[in-house]
Amino acid sequence: MATMKSVLTAKDKVDVVEVERPAPGPKDALVKIRACGICGTDTFFLHIGGGMPQGPTGPLQPIPLGHEPAGEVVEVGAEVSGLQVGDRVVVNPQAAPTGIIGCGGALGGMDEYLLIENAEVGTSVAVFPDDVPFDVASLNEPMAVARHCVNRSGAKPSDKVVVFGAGPIGLGAAIWLKLRGVENVVVVDIIPERLETALAVGADAVIDSAQENVTERLAELHGPGANALGQPRVGTDIYIDAAGAPAVFQTVVDSAKWHAKLVMVAVQKKGADIDLGGMLRSELTLIASQGYPTEIFEVTPELVEHKERFAKLISHRVPFSEVGRAFELALTPGAAEKVVVTFD
């Protein structure tokens, strides 16, 4: 029996276990994983100590982790078309019939090998060229999340946009905004190194909210505006919350001009009191952005075209032999921007 290593959730750490290597059926393909990113969702599962509960009151079960994989096809079922051994692919984790890969489903993208059930190019996988590093290709899934929030914003080149949070999603949103032709993109964070990365990937300006007054700086960068009552506000057209901090929401309400938009892509870390009166006075539009209904492979050609730019988002590349250290980095606030686990 062929085996492989699988990364499972434990409490605030991962367990690496030996499991049977999956054998593809006639409609499946088998991918040798070459890189897989670590996401905030992974660390959430580690904080709670597992995934799906054993019954309504039972303990949480360990689940395989990893939903940002890129790898190489090593076996192809007889009924699969458009794929061949040696193809380099990124994966749609939401296309697996046995549940979302790495998020409660039966399969994990941090395993040494990943079974692609009902393998279909354009639905479950997309092929990318040999000149794109696997670690950069593994950004495909989070960049689809970032692209969806930008699509939801409806940003136009003339809009003035601010992105709160310079993690991978916020930085990805900044890149997509600039590639969309948006002329004025500001990124806000409290970590100087992340703000340096924001400038490196194309942001027009940054704000260190630990040291600067965000509203005052936005007024300088985006000019004046007014709410529905004519009260002075800043000229920002679109706010993107990729931070999930309660203070962001209130900052936006306090700053928003008439008909500004707020796009929420971050999972809110704790509830915030919502100033409905402030929203009313600006007729602020609140837009939620979840996942990537259509974007998972729409982003792949541009990720390929701008691979050097997207590569700047990766702060740590950690070999699979040190996967425990990789998750320690991801679990430590401020220790890393984007951690990608690499496989031989």
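Up top is the structure.
As a convention, each chain's residues are numbered from 1 in the sequence order in which they are written. It should be noted that, the model being predicted, local features are given only for residues of pLDDT at least 70 and side-chain atom pairs only at 80 or more, the latter also being counted only at that level, while totals for whole chains, interfaces and linings use all residues. The side-chain quantities take in all heavy atoms of the structure and omit both hydrogens and water.

Draft legend 1. Inspection of helix α11 (residues 323-331) at higher detail. Within the span of α11, buried status applies to Val323, Ala326, Phe327, Leu329 and Leu331. The contact criterion used throughout is that any non-hydrogen atoms of two residues lie within 4.5 Å. We count a stretch as a helix when DSSP gives it H or I for four or more residues in a row; a strand needs E for two or more, and each element gets its number in order from the N terminus. Residues of α11 that are buried make contact with β1 (3-10), β2 (13-20), α1 (40-48), β16 (316-319) and β17 (339-342). Only protein chains enter the area calculation, which uses a 1.4 Å probe; residues under 20% of their type maximum are buried, those over 50% are exposed, and those in between are partly exposed.

Draft legend 2. Layout of the packing of α1 against α11. Throughout, an axis means a line fitted to C-alpha atoms (over the contacting stretch in the case of helices), and angles, computed between N-to-C directions, take values from 0 to 180 degrees. Taken N-terminus to C-terminus, the directions of α1 and α11 make an angle of 95°; their axes are 10 Å apart at the nearest point. Judged by the angle between their axes, α1 and α11 are roughly perpendicular. Touching Asp42, Thr43, Leu46 and His47 of α1 are Phe327, Ala330 and Leu331, all from α11. When residue character is reported, Ala, Val, Leu, Ile, Met, Phe, Trp, Tyr, Cys and Pro are called nonpolar, Asp, Glu, Lys and Arg charged, and the others, Gly included, polar. Split into classes, the residues belonging to the contact of α1 with α11 amount to four nonpolar, two polar and one charged. With respect to orientation, any angle under 35 degrees is reported as roughly parallel, any angle over 145 as roughly antiparallel, any angle of 65 to 115 as roughly perpendicular, and every other angle as oblique.

Draft legend 3. Molecular detail of the pairing of strand β6 (residues 113-116). Going residue by residue along β6, you find Tyr113 and Leu115 tucked away on one face and Leu114 and Ile116 tucked away on the opposite face as well. Bridge count for strand β3 (residues 29-37) against β6 is four bridges, and the pairing is antiparallel. Bridge pairing links Leu30 to Leu115 in β6. Only when DSSP finds a minimum of two bridges between them are two strands counted as paired.

Draft legend 4. Highlighting the sheet that holds strand β13 (residues 238-241). Strands sit in the order β10-β9-β8-β13-β14-β15 across an open sheet of six strands; the sheet is parallel. For this open sheet the edge positions go to β10 (205-208) and β15 (285-288), each flanked by a neighbour on one side alone. The mean angle between the axes of side-by-side strands here comes to 20°, regardless of whether they run parallel or antiparallel. Across the sheet, helix α5 (residues 192-200) is in contact with β9 (184-189) and β10; its angle to β10 comes to roughly 170°.

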